[in-house]
Structure formats: structure tokens, C-alpha cells
Amino acid sequence: MELSLQFAAMAKDVNINKVVRQHIEMNEFFAGGFVPIGPNAMQEQTEANEHTRDVINGLAAIADEVRQCHKCGLGSLRTNAVPGEGSPNARIFFVGEGPGADEDATGRPFVGRAGKFLDKIIAAMRLKRSEVYIGNIIKCRPPGNRDPRPDEIINCLPYLQRQIELINPEVIVAMGAPAAKTLLNSTKSIGQLRGQFHEYYTGIGRPPIKLMATYHPAYLLRNYSKENRQKVWEDMKKVLSELGLPIP
Ligand code: URA
């Protein structure tokens, strides 16, 4: 069922099973009764809807906590915290470093110059921004856009880890050294880490999530060479291929 229908159902607090049944019946009607759904389709759809609702609620709870967070000094300096945004069913989770001035002003991730460039990368992958999830290692802007300090990262990281666990994406794209090194607990440079899949673990007994490290869009803007853009595109092609999506 389309996400818009799920939201409509949740907003009106109607019986989600009824909505799913009506949706399937309508599909059958317009397809002349030849809709290729198996005997368990409705049950599976209902479970998927319930899962999506749980993820939406979980993400909203984390966002509330982030907006009230004062675990580090950045909490009293921010205009807005930037919890992250995107699809609860995202197959790709993009992770950046932390909010800049535009993100601090709006409370949304990647809306400034680097964000516009990220939008282009996502569009080049033939994806919509609303289909992926976008978050950061730290959720509040460091003054003057300085690098996040280790204590700030340590305090903030659990929010991102919980978001990743909830969404359980198939691929994480870590953009830039702070994101890649933090998530992989590595001291290697972004040049060494990028271009290959790594494994990100959310817990013992849970399968690892594939993680692709790549250059940060802001780095690409500062070092705007064909070679650098080509490298990021090579990394994104590997992501598409991993997901079985067409490579434009
Ligand atoms: N740079 C980041 O790393 N994150 C943002 O949200 C914006 C710019």
C-alpha cells in the first residue's frame, strides 16, 4: 500500500486492515480481477504496515528526544536540532557530519549548498530524496561549523545508531571522514575507506548492514574536479548495484 494511504489511515485512526482490504479490492477491480497477489498478501501487507507505523513512531520519539537534548554544550547553542528525515522504509541511509547554518536555521538535514549537491547525487541515482533517509553523526551545529569534538560525537551517536537500527536500511552511505571513521570505528582516511563496502553492526546476532564510504558533498564542492565527482559516482554505482537497482 502506498505510504500516503498509510499516513491517511493513521491520521484518521481508521482500521488499517480495512484500508488494506479496500486497497486490494480496488486494485483487483481496476485490473479486472487479475491482480497477482498470493493467498497471504493481505496478512503480509498488514504486517508491513504495522512495521512501518512502529518505525515512524520510533523515529518521532527519537526526534523528540533530540530536540530536547542537552547532553553536550551544543544543545544551548543551537537554533534547531536536526534529527534527520526521510522514508521509514529507506533502503539507503545517507549519513553526514553535522548541521551547518542552513540546517540549524531550518531543523532539516542537508538543505544548504552541500545539501543541494546531495540532492543532485540522489537524483542522478534516479531516486527521490523522500525515498531515502538522511541523517548526521551529530544533531546540533557546532559553532562556526568547527569539527565535532569527540565528547559531542560520543553523546550524540546513540541517536543515529537507534535510527539506523529502526530503519534497518540495506546500505548506509557514510559521507566524509567523520561519518565513515565514526561508524566504522576506524582511523583510516576517507581516501582509504571509500570505494568498497564495509560492514556496520547494529548488535550481536543481527546481520551487518553494508556501508559504503564516500566523499562528503561539501568536500566535492570545495574540490570540484571531474576525478573526485567520478569517484563518488563510482561509489554510488556500487550502491545501486548492491540494491539491484538500474545504473543510469
Ligand atoms: N553537512 C552535513 O554533514 N550535514 C548536513 O546536514 C549539512 C551539511
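Data block above holds the structure.
What counts and how
- Once a new chain begins, its residue numbering starts again from 1 and follows that chain's sequence as written.
- Local features in this predicted model are restricted to residues whose pLDDT is 70 or higher, and side-chain atom pairs enter the listing and the counts only when it is 80 or higher, whereas totals over whole chains, interfaces and linings include all residues.
- Note that the side-chain values use all heavy atoms of the structure and ignore hydrogens as well as water.
- Using a 1 Å grid laid over the protein atoms alone, points where a 1.4 Å probe fits but cannot get out form a cavity; open sets with protein on both sides within 12 Å along at least 5 of 7 lines form a pocket; any residue with an atom within 4 Å of a point counts as lining.
- Grid points are joined across faces, edges and corners, and a volume is the space filled by probe spheres set on the points.
- For the purposes of this entry, the term helix denotes a DSSP run of H or I that reaches at least four residues, the term strand denotes a run of E that reaches at least two, and both are numbered from the N terminus.
- Three classes are used: nonpolar for Ala, Val, Leu, Ile, Met, Phe, Trp, Tyr, Cys and Pro, charged for Asp, Glu, Lys and Arg, and polar for all others, with Gly counted as polar.
- What counts as a salt bridge is simple: a side-chain nitrogen of Lys or Arg found within 4 Å of a carboxyl oxygen of Asp or Glu.
- The buried label goes to any residue with under 20% of its type's maximum accessible area, the exposed label to any with over 50%, and the partly exposed label to all in between, with areas taken from a 1.4 Å probe on protein chains only.
- Residue proximity to a molecule or strand is established when one non-hydrogen atom of the residue lies within 4 Å of it.
- Within 3.5 Å is the distance limit for a polar contact, defined as a pair of N or O atoms, with the added protein rule that one can donate a hydrogen and the other accept it, and that residues adjacent in sequence qualify only through two side-chain atoms.
- Note on areas: Shrake-Rupley, 1.4 Å probe, and residue coverage restricted to the protein chains presented here.
- Any two strands with at least two DSSP bridges between them are considered paired.
- Each aromatic pair joins two rings of Phe, Tyr and Trp (for Trp, the six-membered one) with centres within 6.5 Å, and gets the label stacked for planes under 30 degrees apart, edge-to-face for over 60, and tilted for any other angle.
- Any Lys NZ or Arg CZ found within 6 Å of a ring centre and within 35 degrees of that ring's normal is scored as a charge over the ring.

Colleague: Give me the layout of surface pockets: which residues, what numbers.
Modeller: Estimated volume of the largest pocket: approximately 630 Å³. Taken together, 28 residues make up the lining of the largest pocket; nearest its centre are Glu97, Ala114, His216, Ala218 and Arg222. The biggest single contributor to the lining of the largest pocket is helix 9 (residues 217-222), with 4 residues. Taken together, the residues that form the lining of the largest pocket break down as 14 nonpolar, 8 polar and 6 charged. The computed volume of the second largest pocket comes to approximately 220 Å³. Every residue along the wall of the second largest pocket is listed here: Phe117, Lys120, Ile121, Ala124, Leu220, Lys226, Arg229, Gln230, Val232 and Trp233.

Colleague: Describe empty space enclosed by the protein, naming the residues involved and giving the relevant values.
Modeller: Across all of its chains, the model carries 1 cavity of 30 Å³ or more by this definition. Considering only enclosed or pocket space, the largest cavity measures out at about 110 Å³ in volume. Around the largest cavity sit 15 residues that line it, and Cys69, Cys72, Leu74, Cys140 and Cys156 are the ones nearest its centre. Considering every element that reaches the lining of the largest cavity, the biggest residue donor is helix 6 (residues 150-167), with 4 residues. Of the residues assigned to the lining of the largest cavity, the class counts are 8 nonpolar, 3 polar and 4 charged.

Colleague: Residues and numbers for the pattern of salt bridges, please.
Modeller: Throughout the structure, instances matching the rule amount to 14 salt bridges. Where Arg91 meets Glu170, a salt bridge forms, and the shortest distance between an N and an O atom there is 2.7 Å. In this pair, Arg91 is assigned in the loop between strand 1 (85-86) and strand 2 (92-96) and Glu170 in the loop between helix 6 and strand 4 (171-175), connecting sequence segments 79 residues apart. In this structure, Asp235 and Arg194 form a salt bridge, with 2.9 Å as the shortest nitrogen-oxygen distance. Residue Asp235 is found in helix 10 (residues 226-242), and its partner Arg194 is found in the loop between helix 8 (190-193) and strand 5 (197-200); the two are separated by 41 residues along the sequence. In this structure Arg194 comes out as buried when scored by relative accessible area, which is 16%. Overlapping salt bridges, with partners in common, bring together Glu85, Arg108, Asp119 and Arg129 in one network.

Colleague: Outline the site of the ligand, listing residues and values.
Modeller: In the neighbourhood of the ligand, the contacting residues comprise Gly96, Glu97, Gly98, Glu103, Pro109, Phe110, Asn136 and His216. Asn136 is positioned such that a nitrogen or oxygen atom in its side chain is 2.8 Å from a nitrogen atom of the ligand. Contacts to the ligand include His216, whose side-chain N or O atom sits 2.8 Å from an oxygen atom. Contact with the protein chains hides 92% of the accessible area of the ligand, taken as 240 Å² for the molecule alone.

Colleague: Lay out the pairing of strand 6 (residues 209-214) with the relevant residues and their values.
Modeller: Taking burial as the measure, the 6 residues of strand 6 include 5 buried ones, the bulk of the element. Sheet topology note: the strand 4/strand 6 ladder contains 5 bridges and is parallel. Of the residues in strand 6, the one forming a bridge with Val171 is Lys210. Looking at chain direction, strand 5 and strand 6 are connected through 4 bridges and run antiparallel.

Colleague: Now, about the packing of aromatic side chains: what can you tell me, with residues and values included?
Modeller: This model, assessed by the stated rule, comprises 3 aromatic pairs. Aromatic pair Phe93 and Tyr133: ring centres 4.9 Å apart, planes at 50°, arrangement tilted. Residue Phe93 is located in strand 2, and its partner Tyr133 is located in strand 3 (residues 133-136); the two are separated by 40 residues in the primary sequence. Both rings, one in Phe117 and one in Tyr224, keep their centres 6.1 Å apart while their planes meet at 75°; by these two values the pair is edge-to-face. Within this pair, whereas Phe117 is found in helix 5 (residues 113-124), its partner Tyr224 is found in the loop between helix 9 and helix 10, the two being separated by 107 residues in sequence. Directly above the aromatic system of Phe197 lies the positively charged group of Lys210, at a separation of 6.0 Å from the ring centroid.

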